[in-house]
Each structure stands twice: as C-alpha cells, then as structure tokens.
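Here is how the chains run, residue by residue.
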Amino acid sequence: MPSIGRDDVARLADLARIQLTDEEIDRLPGEFDAIMDAVASVSEVATADVPATSHPIAMTNVFREDVVTETLTQEQALAGAPEAEDGRFAVPQILGEE
Amino acid sequence: MSNDIIRRSAAAQAAALQAGEVSAEELTRAHLDRIEAVDGELNAFLHLNQEDALATARDVDSRRTAGEQLHPLAGVPIAVKDVVVTKGMPTTAGSKILEGWVPPYDATLVERLREAGLPILGKTNMDEFAMGSSTETSAYGPTRNPWDRERIPGGSGGGSSAAVAAYEAPLAIGTDTGGSIRQPGAVTGTVGVKPTYGSVSRYGLIAMASSLDQAGPVTRTVEDSALLHELIAGHDVRDSTSLPDPVGSYVEAARRRDVKGLRIGVIEELKGEGFAAEVRARFQESLEQLEQAGAEIVRVSCPNFRYALGAYYLIMPSEASSNLAKFDGMRFGLRVVPEGGATAEQVMAATRGAGFGAEVKRRILLGTYALSAGYYDAYYGSAQKVRTLVQRDFSAAFEKVDVLASPTAPTVAFHLGEKLDDPMAMYLNDIATIPANLAGTPGISVPSGLAEDGLPAGIQFLAPARADERLYRVGGALEALLEDAWGGPLLDKAPELAGGVN
Amino acid sequence: MRTDPLVDYDEAVDRYDPVLGIEVHVELGTDTKMFDGAPNVFAADPNTAITPVSLGLPGTLPVVNGKAIEYAIKIGLALNCQIAEHCRFARKQYFYPDLTKNFQTSQYDEPIAFDGWIDVELEDGETVRVEIERAHMEEDAGKNTHLGGATGRIQGATRSLVDYNRAGVPLVEIVTRPIEGVGERAPEVAAAYVRTLRDIFRTLQVSEARMERGNVRADVNVSLRPSPESPLGTRTETKNVNSFRSIERSVRFEISRQAGILDAGGTVVQETRHFHEDTGETSSGRVKSDAEDYRYFPEPDLVPVAPSRAWVEELRAALPELPAARRRRLLGEWGYSDLEMRDVINAGALDLIESTVAAGASPQAARKWWMGELARTAKEHETELEQLAVTPAQIAELQGLVDGRKINDKIAKQVLGKVLEGKGDPAAIVEQEGLAVVSDDSVLTGAVDQAIAENPDVVEKIKGGKVQAIGALIGPIMKATRGQADAGRVREIIMERLGLS
C-alpha cells in the first residue's frame, strides 16, 4: 500500500472541504499509515471470484407511492439556517470555484 | 419518593404503574431527581427534557385514570442517544457542528416512543457522530463510568449505558455501527442489543455508516430490552432498508429461561489473543452455566473474521465521509466565516475544520481516500468482498449452531485518555462486535461477571439475521442463571455514587 | 470577453468535420420528488415545497418514487433502449450550496436504460439516426440566486440565496453516442434531436417538457476534426441551453470558434461553456480538470432497482403511439402532400389539426384554417398557434356552419375574429349577432325590388343581354343585408323578377 504523505492529506482535506491546521497535516500521515497497514489485509482475500456485498440484507425494488406527504413550512425550513433572506438560505459568494 | 423504584427493571416499573403503586409523573420525577443528583459526576446527559417528559407522564396518568388501554411501557421514562433526531429538542450527535440545532421532525423510533407514552428524559452523551469506543470524542466532555469514574463507559453510546447503569433511566436508546450498543453494555454491566439490520427504522438516526448503523435497546435486563425492541421495531416506509417482516416475540423469548438443546457456537477466532484473562474466565463460566442448563457448546471457526476489522475501517469511514458532507454551515448548524469574509467553499472548509473533532476528521479523510479515484477497487471494493466472506462464515456457522458466542469486548473499561492518542488501539475494542454489523446479523451483550479490577465484563451472543428471538432466549436464560449464582443483579455490586444512595 | 478569432461558418464546416454529443436532462412530471413526498411543483414560495428529506436534514433517508422509475423505463423504451435487469443509484460527491447533502444521488455505471437510438427528422424531411448510449435517473439541485453582482450572474456576486424547492425533482439524463457524419447540418441536427425528445416526453406524458421552464435542458458537446477519418477532436460542453434556437446558434458559434482556434494552430480547451442569448456567443466556464474526483459509490440508503421483465413488457405494450409513427399514419389518413405535412409540423399545427379533424372537420378544411387565417393571426401577434384563444372544437364548429350553409366564408372569418376576442363559441355568436345567412325570400324579394327600382340603367343592361351586369344589383343587396344574404338565392330572385328565368 502506498504511504500517505502530507501532500496527500492536504489534497484529501481539500476534497473533503476540511480546513486543517499545520499540526493536523503533520500528524495525520503517520496515523493514516498505521491504519492503512492494518486494513490492507482485506486485499489478501478479496479476490476476483468473490462478489461484493453492499447491503447486509439483500432487497430490491423498494418504492414509494407518488403521493405528497407533509411538508415543512418556510419558517421551519429556515429555522436552523445560519443566515436567511427573502425566504431563502443565504450563503457566501459561490465564485472561486469557477 | 423512595430511591427504590428507580432501581427496578423497566418491566417492574411498568407493573408498579399498572398497579397504581406509583404514578408516571412520580416515576419520571424520581428519575429526573436522580439525574440531578448524580449526573454531575457522570455527564451522561447532554440535554434534559424535564417539562416535556413530565407533561407526557401526566398525560399517561390521566389516560390511565380514564381507563384507556395503554402500551405496557406507557409512563416508563427513557433516555435517547443524541444521535437520534427529536423534534423540538436539541440534537447534536455529540458534535460542535450541530450545537443548538433543534430539528423540525422526529425520528421514526421517537415517534413510536411518544405514541406509546414513554416520557423522554433527555438526550444522552456519545462519541462525536458515534465515532469512538469511549465517549471521549464527544465535543461536550466525556461520560464517566458509574463503576469507576476515572474510566470510560464504553462508546459510542456511553451516555446511554451510564445512564441506565446509574439508575438515571430504566431504558435508553442506543445505536450500534460497530459495537456502540454492546461494548458500552459490557463495560457498564448492562444489557445492550443490536437488532438485525433493518429491524428498527434508521429514519431520523444521524447516519454514520448507512449500511452498518442500527438502533437498539440499552437496559438493565434482557426482558427490558425485549420490551423496548418490540416497541421500536417494525417496518417503516421512510427507510428503504427497513425489513418488511412482522416483529418477533422477543419478550416471550426473554421470559422462556430455557436453553435445553440450544446449540451455542464458540467463535475460535474471538476468544484468545488480545482478550484479558478474567474477561475470558467469566466468558468460560457463563458457557459452563449454559451447558449445565442443557445447552450444547460447540467450537466453530469463522476464519474471515480476522479481516472484518480491516473491512470495517474501510466501509465505515467511506460511508461516513459521504454522510457527513451535509454538515457544511450552509443550511443548519455552525457556520464559521474566516476573517475578512470568504467564498462559500472557504466557509464550508473553515466550518468543518472548526466544527469537527479529531476523530471525525480522521475518519472523513480516511473515507475520502478510500473512495477516491484509483483506490475504490482496492479499498471500498475489496472491503465489500470481505463482507461477503464474513456473511459466508456466519452462514456456515449457523448451519451447525443456533447462536454464536464470544466475549463482547477484549477488556474491562479502560482509563479515560488511555487510548485516545492511539487510534488503532481504540479500534481494536470493536474486534468482536464488528462482524455482526458487516453481516447485518443481530447481537446482544449480557453481563458475564466482574473481571479485572472488579469491573464488569460482557458476553455476546450472535444469531442469524431475522432470528433476534434466539438472542433473547439465550440472554434471558443466562441472566437468570448468573443472577442466581451472584445472588442478585451484577449492578448491585457497583459502588455508590456520591450524589445518591446507590 | 471573446478573444478567439471566428471563422465564417461555411468555411469552418468546409475545412472541419463536426462531431456532436448531447446530454438532455428532462424533469419528470411526477406528483412528488424523486426520493421524498415533497410536491414536485414549478412555482411556489421559496423553500415551501420541501420535506426534511429534500432539505437533506441530518437523519433523513431517501425512498425511490416508483412512478419516476416507471417514467424512466417508458423513456428508455421509447428511445429503443435496453432496460437494465438490475441497477443501482450512486452518490456523486461534490460540494456546492445548491446540493443539500453535498452529493447528488444519481446513477453511475448502472443506468436504468442503455443502447438505444432515435430517428430525428429534419425540416426538409431528411432523417438522421442518433444513437443513445444511456438514460439514467438522478435528482435535480436547488436554485441559487446571485446577489451583488452586475446582472444576477455568479461572477461578481457577493452572496447567493438558495431555494431548495427544485432539490430532489426527478430527472432523467439521456446521453447520446457521438453524432457523426452530419457535417454542416450539425446545428440543425442538434436542435431537431432535442425537439424530437421533447415531443416524445410529451407524448409519453412523463413531463410537461416546457423548455422555457427548464423542464428540458441540453448540454451540447461539440468537437471538430480535419476529416471523418481523423480521431475525435477536443470537445467543449455548452451547458444548459434551453431553447431549440439557442441550441442551433450555440453549435454554430462553437464550430466557428473552434475552427478559428484550430486554423491558428491552437488547441481547443476541454471546458464547459455558457451560451449567451443576447450575443449568440459562448463563453468559457469551468475548466474540466482531471483533479475532479466525484468519489462515486453505491448509495447505501437505497436498495437496487430490478424491474421485472413482465413489468417492462407491460409498459412497452402500453406505450402510446410515438410522434414519428403518428406523423406517418396521419400523412396517409389525411392525404396531404409531403410538403403540406412538413409545413404543418414545422408550424406546430399537427396536434391542433388532428383535434380539429377529430371534432368533425375535414382534414383539408382543418388545414385551411390553421395554416391560413390562424397562422396569419398568430404571426401578427407574434405568438404560437397553440397560444391562440381558439380551440380545435371551435374551428370544427365554425367549419360545420359553413358546410351547412348557415354562414358563408366571409362571415366565417368575422365569426372567427369574435371567437378570438373571447365572445364565445361560433354557433352562439352567429345566433346572438344574427349573422346567419339570409335566405328568406320575403326579405330578399323586398331588397331585390328596391334595387331594381333604384338602378333602372343596370336593369336595362341585363335585359339587353349583359347578364354579368347583375353583380351591380347583387352588390348593394349584400351591403344592405351586411353580407348575410345568400348570394345565389338573390341572383335567382332578380332573374325571376326580371322575367329572365
């Protein structure tokens, strides 16, 4: 298994939208290596002939009727919002990703 | 109000209510008084719901007086783990990022508690987002073990187990993703059940790992767990993975007290290395009791269980990394704006950086890694295959035996802070409990006696998916056998808390 | 904004072979959202058409809307696709404020429908077969309103307001294989393809499919290569083009722009682009970088969808007649020429004429009204035929009055005018306003006698053998009766009175 370095941690933090402190970026690679060493054993037995199990209890075709259920009021929807305006959630400028 | 009533089992408290020996309001107040007296030492509760609980109790009392047919547990108070969403009651999942959030809806299981008239005492402490085995990762301080306040009460549901062990509540709700109901049960001398995946609706449980999470009862007796399980189980159209099956007769099974002819498989891979000597001794003694009562003890091997921990620590962080993406400071909860203003992207990152604790960040990043391009097959994909292998081990074992047994946790409660800086050491606590989550099978932890340092240990039984009744049968029987041997419940041996006469 | 040199379109397609790839998103017209019971409505107060699930609140779980699956299968079948025997939803993970969970529940490597095709008819009747790679289900996102910028655009905005009413609305995304070999007709093919899909959605009744509401949105990929034998060039993806005309213009523009870059020896940047209605140009959006990592994995909160073959066949058997088949059938039934039929289709009059015929009018009469008087009216008012305030049933009723000789053509046009003014149904208008043809001899004889008395010179001419002069007598009579006299009967009476019959 490849080792997880500082750069990898920074890239993962970026993907996961978590701002890390320098201390965290220094500490995490070592922790990850220890954990990944321990979990690497799965590849020993996960051979091509073994099917994957995504759900512990296999079920298919669980559908809902197309019927309207109780909705939230605008007030309820926005009650937990850090900031709201005109019945909408107010968020900081989105640009910067473009 | 005497302190006596709160020490009774939930079933006995229910009987006292039905007999008119005590009112629901008195019973609720007695538990609130107990919390007031001892929770300063334990920190089992994050939020108390006094007024609402008393209102529910009074409502039950008046309905009972009016001769209404009530649920058997009506009026018996309950504590709910803070990972379960409660309408109008703060819900934090033990995290700073949700501080102050008051949900506009109830989890399905909470709806069922309310419909049945159980006063909800409050929300119990837990590892942040249920990530931990010690309740130390809570953003609101650790919960302490009533047996020794320098030790952990288990995790992630340490608040629920401590509350029940300390007579703050007769019943509590826990959730179990890798052992978070069973391991706290073991280290606090209480009973905990992880039902079959899909038995209890997940709607309204703040998800850690969707394919592993399952809510269940935390109680002092096996019968109480059965009563609570029957109440909260059942199909829910709001959870696609909810089982459509009818609810089993758990209470009847718990009261059967008969294990004649029951075949109990001892999992070879989960009884030796890493398990403390006295924990193993109590486990052996428990098996001997069962054998003497007519059960057949069989050795079984589950060779792929040794890969279960690895698979778990890939699947769980992967799903958690995705489930926790919604905590971004845009719609609810904490928002942290870096100085001088920032873009939405920067605010999200700052909020998550400040709002999540170390263990949560560790798991999110680990999961992000395991799902990232180029690694999916090697990690998440391989882990899903191990899951198949673990299921096959269970299937093969259950062809030979009715239930499987192992110690619940490798050791008794460890000291606060002991494993906080060593993630792998902490993760090893879950070695025996994880296979059931991977396979969706049900498990119960029952006290097996006092082990190292005079602290409680637990024995775990596992049954095939949808055969939860077997757990209650064997658990109820063992509990009766051991209490006969001990001359009473194990919790009677717990030291007194300063705040109250124990 | 634009710096790329443009090449004249004809020159561009002369030197390069354009290849298209089109992704069409259609919002399904279910009553509720894809994964929860919030109403699927277009116009509502912000953040009211939501449940805890559509808001992605902690603890909530999705449950698949069975009707949406049915609609997706119908679309797949109409596009001649295979329907998966087993497929799953996956989470497509990226952070964006219009996503309530910071992942979109979509289908990744297991679409519900795949390997299909559709024949697209161009305006001149030529047919192009477009191959469908896949059609998969997913959920829509919320809507951001950008504030503080110049024109409501994201650039320069200081903050945004988010409405999650649209979050979770069911979508089907239909992805084509590369559309090759269409040469200079690429812009037309792109628009015609989307129009063909739009018509199919409406016929299947799986969506209102209103482009202007964003029910149907197209992302159009364009690339150029020196010749059909060359490998595919680098493509750009113009996002969310939402009218047929814009699709055509954006493809045309991209071909000219990319040709300019290639002519200058440059390389086309793989990126998303935005189309601007006002200028007809596209501008650079987000650069598609390899760093994008959506971390797809199977949605653990949902179980697999495995449509039984029996269900699929049941849906296939119940499919309505699709637009292309219907056009072929009507062409035969109505006896129009190919050209007439094409004009009718291009004018958007097919449904209207069919309904008019169904209400009792002859195909020829129905076409005469919709392609004649009504087409002129629509053009005058710069609107669509179907927006006119007249129904096919009213047109059939009007034609019935003409056929029954209750009114003549001239009066019929007047009556139509009154119908369009909202004065009621044709027969009622004729009745109320006394517009029926006058063929009562007592009334007409009086008018004829008066005309004969007032025009002795004309009478002389007629009697002298110049019968065609009779028009000079009929004219005033028609005028006196406000055009309602039965002109044939008037003529007969004049001849009788003059003893010429």
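Residues numbered from 1 in each chain as written. Chains lettered and ligands numbered in written order. Predicted model: local features only at pLDDT ≥ 70, side-chain atom pairs only at ≥ 80, totals over all residues.

S.K.: Got a sec to walk through the overall build of chain A? Specific residues and values, please.
M.R.: Within chain A, the secondary structure is distributed over 4 helices and 3 strands. Mapped in sequence order, the helices and strands of chain A form the string α-α-α-β-α-β-β. Against the 2.2 N^0.38 benchmark of 13 Å for 98 residues, chain A shows a C-alpha radius of gyration of 22 Å, more extended than a compact globule. Across its three principal directions, the C-alpha atoms of chain A cover 55 × 45 × 25 Å. Burial status across chain A gives 34% buried among its 98 residues. (Helix = DSSP H or I, 4+ residues; strand = E, 2+ residues; numbered from the N terminus. Rg over C-alpha atoms; globule rule 2.2 N^0.38 Å. Buried ≥ 20, exposed ≤ 12 C-beta atoms within 10 Å, placed from the backbone.)

S.K.: Tell me about the interface of chain B and chain A, residues and numbers included.
M.R.: Contact residues are listed per partner, giving 59 residues for chain B and 47 residues for chain A. Elements supplying a minimum of two residues to the side of chain B that touches chain A: helix H11 (308–323), helix H12 (344–355), helix H13 (358–371), helix H14 (377–400) and helix H15 (423–427) of chain B. The dominant element in the side of chain B that touches chain A, judged by the number of residues it contributes, is H14(B), at 11 residues. (Contact = placed C-beta atoms within 7 Å.)

S.K.: Go over the pairing of strand S6 (residues 113–121) of chain C, please, and point to the residues and values.
M.R.: Residue and element names in this part refer to chain C. Where strand S3 (residues 82–83) meets S6, 2 bridges bridge the pair, whose relative direction is antiparallel. The partner of Gln 82 across the bridge, within S6, is Phe 114. Direction of pairing for S6 relative to strand S7 (residues 127–139): antiparallel, over a ladder of 8 bridges. Opposite Glu 121, over in S7, you have Thr 127 as the bridge partner. Linkage of S6 to S7, two consecutive antiparallel strands, is achieved through a turn of 5 residues, within which Gly 125 is found at a positive phi near 95°. (Pairing = 2+ DSSP bridges.)

S.K.: Tell me about the interface of chain B and chain C, residues and numbers included.
M.R.: The interface is formed by 34 residues belonging to chain B together with 23 residues belonging to chain C. Elements that contribute at least two residues to the side of chain B that touches chain C include exactly H11, H12 and H13 of chain B.

S.K.: Just give me the short version of the packing of helix H8 (residues 350–358) of chain C against helix H9 (residues 363–380) of chain C, but keep the residues and values in it.
M.R.: Residue and element names in this part refer to chain C. Packing of H8 against H9 brings their axes to within 9 Å, and their N-to-C directions diverge by 135°. The angle between the axes of H8 and H9 places the two elements in the oblique class. For the element pair H8 and H9, the recorded crossing hand is right-handed. Here H8 contributes Leu 352, Ile 353, Thr 356 and Val 357 to the contact with H9, which in turn contributes Pro 363, Ala 366, Arg 367 and Trp 370. A class-by-class count of the residues in the contact of H8 with H9 yields 6 nonpolar, 1 polar and 1 charged. (Axes fitted to C-alpha atoms, helices over the stretch in contact; angles between N-to-C directions. Parallel < 35°, antiparallel > 145°, perpendicular 65-115°, else oblique. Left-handed = near helix turned anticlockwise from the far one by under 90°. Nonpolar A, V, L, I, M, F, W, Y, C, P; charged D, E, K, R; others polar.)

S.K.: Describe the sheet that holds strand S3 (residues 88–92) of chain A, listing the residues and the values that go with them.
M.R.: One open sheet holds the 4 strands; their spatial order is S2(A)-S3(A)-S9(C)-S8(C), and the pairing between them is antiparallel. Here the strands that pair on one side only, and so sit at the sheet edges, are strand S2 (84–85) of chain A together with strand S8 (143–147) of chain C. Where S2(A) and S3(A) come together, 2 bridges link them in antiparallel fashion. Bridge assignment links Glu85(A) to a residue of S3(A), and that residue is Arg88(A).

S.K.: Can you break down the confidence of the model for chain A residue by residue, with the values?
M.R.: Predicted confidence across chain A gives a mean pLDDT of 91, with 94% of residues reaching 70 or more. Of all secondary-structure elements in chain A, the lowest mean pLDDT belongs to helix H3 (residues 42–45) of chain A, at 91, while strand S1 (residues 63–64) of chain A reaches the highest, 98. (pLDDT = per-residue confidence, 0-100.)

S.K.: Break down the UniProt feature "domain: Amidase" (unreviewed entry) in chain B for me, citing the residues and quoting the values.
M.R.: Mapped onto the present numbering, the UniProt feature "domain: Amidase" (unreviewed entry) falls at residues 26–471 of chain B. Overall, residues 26–471 of chain B shows 39% helix and 13% strand. The separation of its end C-alpha atoms is 33 Å. (UniProt positions renumbered as here; feature names shortened; annotations may be inferred.)

S.K.: So what about helix H13 (residues 441–454) of chain C? Which residues, and what values?
M.R.: Residues spaced three or four apart along an α-helix face the same direction, because each turn holds 3.6 residues. All names here are of chain C. Look at H13: 19 Å from first C-alpha to last across 14 residues, which is about the 20 Å you get at 1.5 Å a residue. Within H13, burial applies to Leu 444, Ala 447, Val 448 and Ala 451. Looking straight down H13, one finds that the buried residues subtend no more than 100° of arc, so they occupy a single side. Exposed residues pointing more than 90 degrees away from the buried face of H13 are listed as Ser 442, Gly 446 and Ala 453. (Expected span 1.5 Å × (residues − 1). Arc of directions from axis to C-beta.)

S.K.: How would you summarise the sheet that holds strand S5 (residues 191–194) of chain B if you had to cite specific residues and measurements?
M.R.: Residues and elements named next belong to chain B. Read from one edge to the other, the open sheet built from 11 strands follows the order S1-S3-S2-S4-S6-S5-S10-S11-S9-S7-S8, with strand pairing classed as mixed. Looking at the sheet topology across the chains shown, the edges are occupied by strand S1 (45–48) and strand S8 (296–300). Put simply, the sheet's adjacent strands are angled 30° from each other on average, direction ignored. The pairing of strand S9 (residues 403–407) with strand S11 (residues 456–462) spans 4 bridges and is antiparallel. Each bridged residue has a counterpart across the sheet, and for Ser 406 the counterpart in S11 is Gln 460. Strands in contact with helix H8 (residues 222–232) are strand S4 (171–175), S5, strand S6 (215–219) and strand S10 (443–450); relative to S6, the strand with the most contacts, it is inclined by about 150°. Packing against the sheet, helix H17 (residues 468–486) makes contact with S5, strand S7 (263–267), S9, S10 and S11, and its axis sits at approximately 10° to S10.

S.K.: I'd like to hear about the UniProt feature "active site" (unreviewed entry) in chain B, residue by residue, with values.
M.R.: All names here are of chain B. Residues annotated in UniProt with the feature "active site" (unreviewed entry) correspond here to Lys 81, Ser 156 and Ser 180. These annotated residues cover 100 residues of sequence, but their C-alpha atoms sit close together, with the largest distance between any two at 10.9 Å. Its location among the elements puts Ser 156 in the loop between strand S3 (120–124) and helix H6 (158–165). On the basis of neighbour count, Ser 156 is assigned to the buried category, with 34 C-beta atoms found within 10 Å. Residue contacts for Ser 156: discarding those within four places in its chain leaves Met 126, Asp 127, Ala 130, Met 131, Gly 132, Thr 135 and Ser 180. Other than its neighbours up to four places away in sequence, Ser 180 contacts Ala 130, Gly 155, Ser 156, Gly 157, Gly 174 and Thr 175.

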